[in-house]
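Take a look at the letters that make up each chain.
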Amino acid sequence: MATVIFDGVAYGMLLFLLSVGLSVTMGLMNFVNLAHGAFAMAGGYAASFAMQRYGLDFFSSLALAFLAAALCGAILERLFFRRLYRAHPLDQVLFSIGLVFAATAGITYLFGPSMQPFRMPAALEGQIALPGLDISRYRLFLVLAGLLIWGGLLLLLNKTRYGAMVRAAVDNQRVAAGTGIHVKRLFFLTFSFGCGLAGVGGALSLGVIGLEPAFALKYLVYFLIVVCVGGAGTITGPFIAALLLGIVDVAGKYYLPEAGSFLIYVFMVALLLLRPNGIIPRKGLA
């Protein structure tokens, strides 16, 4: 039981890393970005390619994944996304889902349809034996990375000038612009940063759920569940929702494998009935 819970927490941390950028961009920009998984995939493939082709070590590849996904996000924000910030939500959905299909086709053409190979770094191989519990080193690393990024984001958004500007723009964009905040530049930086976080999650996915061209579509519903159940525009809400989702998913597959992913949707419906505005309703980013 303890091993199942720990594995669920580790999986939840991965879902948090993959989804938190979407929560920030949806909360700040009110943009329905279904292409968020494509940026995670971009970071994951960049890390995998660098490790396989150039022998880059795993930890350096995480930094590369962040930079690659952030760069893709910056380019696409400049060229396309900013043109749709005030568009109808249906236009945003159609564009972003089209981008997912385009990214899937492009990745398949460049890297093939198979799962990306991954060799676990020596420092993260094996298990740590505790009384009644064997902990995977890699999953422990996921938990620590998730906690570190969650804490770092809270500090960034609550203790820095940049965070104050983001919170002001989340509360009221027009008033924020009136106080001298360059909202378009803030959108650009925040969108790129959110994509970079997704890229890190994509790279970390290599050692847990794998990476393939269908990744962005396959896990799209998980990203949306984490953000909707946790509360778009918050940090702690998706963090809690991702942990709950990870535990429910892993425990369900372990104890009720015949139910498949059905328990995930039951969990989502039940929480949304109890908390229709999310576990933590948006009151600025926190």
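Keep in mind the model is a prediction, meaning the values are calculated, not measured.

> For this particular structure, what's the right way to read empty space enclosed by the protein?
Where empty space is left becomes clear once a probe the size of a water molecule has been rolled over the atoms. Counted under the stated rule, the structure contains one cavity of 30 Å³ or more. By volume, the largest cavity amounts to about 50 Å³. V24, L153, L156, L157, Y162, V166, T190, F193 and I235 are the residues that line the largest cavity. Per element, the largest residue contribution to the lining of the largest cavity is three residues, and it comes from helix α5 (residues 137-159). In terms of residue class, the lining of the largest cavity is built from eight nonpolar, one polar and no charged.

> Explain the UniProt feature "transmembrane region" (unreviewed entry) in the protein to me, please; I cannot follow it from the model alone.
Here the UniProt-annotated "transmembrane region" (unreviewed entry) positions come out as residues 58-81, 93-111, 138-157, 186-209, 221-248 and 255-274. Helix makes up 100% of residues 93-111 and strand makes up 0%, while its end C-alpha atoms are separated by 27 Å. Annotation note: span residues 138-157, helix share 100%, strand share 0%, distance between end C-alpha atoms 28 Å.

> Would you mind showing me how to read the pattern of salt bridges here?
Side chains that differ in sign of charge can pair as their charged atoms come close. If you walk through the whole model with that rule in mind, you get four salt bridges. Put simply, E77 and R82 hold a salt bridge, and the shortest N to O gap is 3.2 Å. Of the residues examined, E77 reaches a relative accessible area of 0% and is grouped as buried. Residue classification places R82 among the partly exposed positions, given a relative accessible area of 28%. Between K253 and D249 there is a salt bridge, with its nearest N and O atoms 3.3 Å apart. Of this pair, K253 and D249 both sit in helix α11 (residues 236-255), four residues apart, roughly one helical turn.

> Is there a simple way to think about the packing of helix α10 (residues 220-230) against helix α12 (residues 262-274) in this case?
Geometrically, a packed helix pair is captured by the angle between its two axes and the distance between the axes. Remark: α10 packs on α12, axes separated minimally by 10 Å, with the N-to-C direction vectors making an angle of 20°. Relative to α12, the element α10 is oriented roughly parallel. The way α10 lies across α12 gives a crossing that is left-handed. Across the interface between the two elements, V221, I225, C228 and V229 of α10 pack against I264, Y265, M268, L271 and L272 of α12. Class assignment for the residues of the contact of α10 with α12 results in nine nonpolar, no polar and no charged.

The rules behind the values
- Residues numbered from 1 in each chain as written.
- Predicted model: local features only at pLDDT ≥ 70, side-chain atom pairs only at ≥ 80, totals over all residues.
- Heavy atoms only, no water.
- 1 Å grid on protein atoms, 1.4 Å probe; cavity = no way out; pocket = protein on both sides within 12 Å on 5 of 7 lines; lining within 4 Å.
- Points joined across faces, edges and corners; volume = space filled by probe spheres on them.
- Helix = DSSP H or I, 4+ residues; strand = E, 2+ residues; numbered from the N terminus.
- Nonpolar A, V, L, I, M, F, W, Y, C, P; charged D, E, K, R; others polar.
- UniProt positions renumbered as here; feature names shortened; annotations may be inferred.
- Salt bridge = Lys/Arg side-chain N within 4 Å of Asp/Glu carboxyl O.
- Buried < 20%, exposed > 50% of the residue type's maximum accessible area, 1.4 Å probe, protein only.
- Axes fitted to C-alpha atoms, helices over the stretch in contact; angles between N-to-C directions.
- Parallel < 35°, antiparallel > 145°, perpendicular 65-115°, else oblique.
- Left-handed = near helix turned anticlockwise from the far one by under 90°.
- Contact = heavy atoms within 4.5 Å.

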